[in-house]
Amino acid sequence: MTNDRGYLGVTPPISIAESTEREKEVTLTLMDELRRQGTFESDEEARTRELVLGRVSALVKKFVQKVGVMRGLSETSAVASGGKIFTFGSYRLGVHGPGSDIDTLCVVPKHVSRDDFFEVLEPMLREFDGATEVAGVPEAYVPIITASISGIPIDFLMARLALSSIPEDLSLQDDNLLRNIDERCVRSLGGSRVANEILRLVPNVQVFRDSLRCIKLWAQRRAIYSNVNGFFGGVAWAMLVARICQLYPNAIAGAIVSRFFIIMYQWSWPQPVLLKQIEEGPLQVKVWNPKLYPADRAHRMPIITPTYPAMCATHNVTASTQMITTEEFKRGADIVDKVIVGTAQWSELFLKHDFFHKYRYYLQIIASTGDADLQIKWSGTVESRIRQLVMKLEYVDSLILAHPFIKGFEQICHCVSEEEIRAVAQGEISETIAKRKKEDIQGQDGAGPVYTTTFYVGLAIEPKQPGAIGPRRLDISYPTTEFTKLVKMWEKFDESSMGIVVRNIKSSLLPNNVFDPGERQPKSAVKRSKGGKSSNTSPDMPSSKRPRTSSNPPMKDVPVKANENGTILALALAPVVETAGAFTPKGSSGIKSPQLPFGENVAVATGAQQ
C-alpha cells in the first residue's frame, strides 16, 4: 500500500539496501534463539486454534439467528442476517505464542443488542462443548466475555453495526461502518481495524512478524510490556516495529531489530510515531491532534494508530516509564551491536529484568478481599490506578523516578482469626499462615481465606548532596494518601470486604514470591571501606553492581491500614556518598549514543513528519 510518492509511511526510507551477509547470519541465529525460547506454538496447537475459531464462527451465526427469531424475524431472515468473527491482537498479527489468547470480535447486525451479547451469547458459551471459565465483564471500558474453549483462551468483544445483515465478505476497513454506532462499538472495532491496517502498511509481513516476535519477547523479559502500568502495550510495540520496517523496506529481521533499538533510543519525543498521515473521517469524534487538544500535547511518547479515528496508544506513559523504556532501548542497542560483531549472543538480549535487585526501597500496594471473584475486580481496579500513584510520586522532591512493576503477585492465605486476616492484608504473612492449607481451617469459627494481590513500585532516590549532614527523610505521605482515596472512590468499593494497604519496604525484606527459585542472593553484611565512605555506588540508585543488603540501619515499615487515613510516614534514608550514574539523561557526557551504520541518518525518520 505505497503512497503516491512510491513508499510506505510518512517519510522516505532511510535505506532501501538489501541486508548484508552478516545480517542474514544473525537473522538465522535470532530465529534459532526465538525457537529455543519457546515463542512458537506447535503445529498441533495451531490446528486446534483453527478448529476452535471455526466452531466459534458457527456459534456466533447461531447466536445472531436466535436473537433474530426472538425479535420476530422469520427463520429465513434470521439465518440471512449473518454474523461474522474477526481476530485481532497477537493472533491476527501472526506473532502469538503457545497458550496465548485469541482476541475475537463478534460483528452483529442492528437487531442484536449489547444486552443480548451477555444475556444470550454468554449462556450459549457456558453450554458450548469444551468451554470453561466463561465470564462476562459488561461494565468494562471495552465490554468483554472471556472463555477457554478446548484449552484455547478467547476474549470476545462485540460490535453492532447499523446494518440489517452482516455479509460474509464484510471488510472492517470502511470508515462509513462507524456511522450510527455507539462509542463502545467504535472502540471494539478499533483493535481489528488497527491490526489489519498495520499488516497493510508494512513492506514485508514475514520480516515484520519475525522482528516483532523478538521485540515482544525482549519487552516482556525486561518488564516493560504493560499499557496499564505506563509502558507500551502490544499494539504500540507492533506499530514501532512496523515503522522501522517502513524505513528499511528490504531489510530482514536481524537488521530491523538492530535499527529498532538505535532509532528508538535516538527518537525525538514527543515527535509522534506515525505509520501514515492522520486522516479525518465521517464522525464527530476526537482525532489525535496536539495542536488542538492540550491532553494530546501532554503525551510523552506518542505512537498513533493508523486507522480513523487516530488515537494515541501510549497515553499512559509517565516521566518515569519514559526514562526506564529509553534506558532499555540503549541496553538493547548495545547488546545487538555486540551480536552483529560477534561478541555477544542473542540470549543476552532476553535476560530477565533485575527490578527486585535494582532499588533499595520499594512501595508495596496490597489489595485484599475474602472472595476470589471479587478479588479479580478489586485488584484490577487498584492496578488501573497505580499509574496515578506513580505520577504523584514523580513530584516528590529527591525522588528521581518511581518504577512500577508490570504485574501483581497473587496469594491465598487461610486465616483462623481476625488478627491473622488483618496481618495478611498488611503484607505480614507468618510461616504458620503460609503453610496452612484450606482443609486445615474447615469448620473453624471466624476462619476463612484472604485473597491478596501485591503490586510494587521501585523508588530511585537522589544521592545525598556533598556536605549535607544527618539522615534525610523522604515524605511520600501525600501521594500515598491521595492514591488510597482514589481507589476507594470506586463505585463498588466496600470498606468491610475490601482492603487497600500501601507501605514502604526495604529490598532486604522483599518476600520470596517475587523471586524465581535460586534467584535470591544470600543476605550478608557489607563492610564499609576505611574512612567510613561507601563504595562509588549509591544504595538508593538503580545499580547492577550494588549489593542487595547493606550495613545501614533497617528502615521501619509503616503499614497503611484500609480503615485508617492512608498515610505513610517519612522514610529515613541511609547516607549516600556518590551516584551510580544509572538513568543519566540522554546526551550527557560519559554515555556513547548508539549509532546507525555509516550513511544512514535517523533524522530522515522524523524530518518530514509534521
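About the criteria used
- Residues numbered from 1 in each chain as written.
- Predicted model: local features only at pLDDT ≥ 70, side-chain atom pairs only at ≥ 80, totals over all residues.
- Heavy atoms only, no water.
- UniProt positions renumbered as here; feature names shortened; annotations may be inferred.
- Axes fitted to C-alpha atoms, helices over the stretch in contact; angles between N-to-C directions.
- Helix = DSSP H or I, 4+ residues; strand = E, 2+ residues; numbered from the N terminus.
- Parallel < 35°, antiparallel > 145°, perpendicular 65-115°, else oblique.
- Left-handed = near helix turned anticlockwise from the far one by under 90°.
- Contact = heavy atoms within 4.5 Å.
- Nonpolar A, V, L, I, M, F, W, Y, C, P; charged D, E, K, R; others polar.
- Expected span 1.5 Å × (residues − 1).
- Buried < 20%, exposed > 50% of the residue type's maximum accessible area, 1.4 Å probe, protein only.
- Arc of directions from axis to C-beta.
- Phe/Tyr/Trp six-rings, centres within 6.5 Å; stacked < 30°, edge-to-face > 60°.
- Lys NZ or Arg CZ within 6 Å of the ring centre and 35° of its normal.
- Pairing = 2+ DSSP bridges.

By the naming in an unreviewed UniProt entry, the protein chain is Poly(A) polymerase, taken from Lentinula aciculospora. In its Catalytic activity (unreviewed entry) section, UniProt records this for the protein chain: "RNA(n) + ATP = RNA(n)-3'-adenine ribonucleotide + diphosphate".

Draft legend 1. Representation of the packing of helix α1 (residues 21-36) against helix α7 (residues 205-221) in the model. For the pair α1 and α7, the least separation of the axes is 11 Å and the interaxial angle reads 55°. When the interaxial angle is binned, α1 and α7 end up oblique. By crossing handedness, the relation of α1 to α7 is classed as left-handed. Facing α1, whose interface residues are L30, M31 and L34, α7 presents D210, R213, C214 and L217. A breakdown of the residues in the contact of α1 with α7 according to their chemical character gives five nonpolar, no polar and two charged.

Draft legend 2. Representation of α1 within the structure. Relative to the 22 Å expected for 16 residues at 1.5 Å per residue, α1 spans 23 Å between its end C-alpha atoms, a close match to the ideal helical length. The complete set of buried residues in α1 reads E23, V26, T27, L30, M31, E33 and L34. For α1, the buried positions fall inside an angular range of 160° around the axis, keeping them on one side. Residues E21, L28 and R36 are exposed on α1 and point more than 90 degrees away from its buried face. Taken together, the buried residues of α1 touch α7, α9 (253-266) and α11 (319-341). Positive phi appears at G38, one or two residues downstream of α1, with a value of about 75°.

Draft legend 3. How the structure looks around the packing of aromatic side chains. Evaluation of the coordinates by the stated rule reveals 25 aromatic pairs. Their ring planes at 55° and their centres at 4.8 Å tell us that F232 and W237 sit as a pair that is tilted. For W237, a relative accessible area of 0% translates into the label buried. Among the aromatic residues, those joined into a ring-pair cluster are F355, F356, Y359, Y362, F405, F409, Y456 and F515. Geometry around F409 places K407 over its ring, the cationic atom sitting 4.1 Å from the centre.

Draft legend 4. Local environment of the sheet that holds strand β5 (residues 152-160). The five strands lie next to each other as β1-β2-β5-β4-β3, forming an open sheet whose pairing is mixed. Single-partner strands in this sheet number two, and they are β1 (84-88) and β3 (131-137). Across the sheet, the axes of successive neighbouring strands diverge by a mean angle of 25°, strand direction being ignored. For β1 and strand β2 (residues 102-108), the ladder comprises five bridges, and the chain directions are antiparallel. Among the inter-strand pairings, F86 is bridged to a residue of β2, identified as L105. Its contacts with the sheet put helix α2 (residues 43-70) on β1, β2, β4 (144-149) and β5, and the angle it makes with β5 is roughly 35°. Along the sheet face, helix α6 (residues 183-200) touches β1, β2 and β5 and points at about 120° away from the line of β5.

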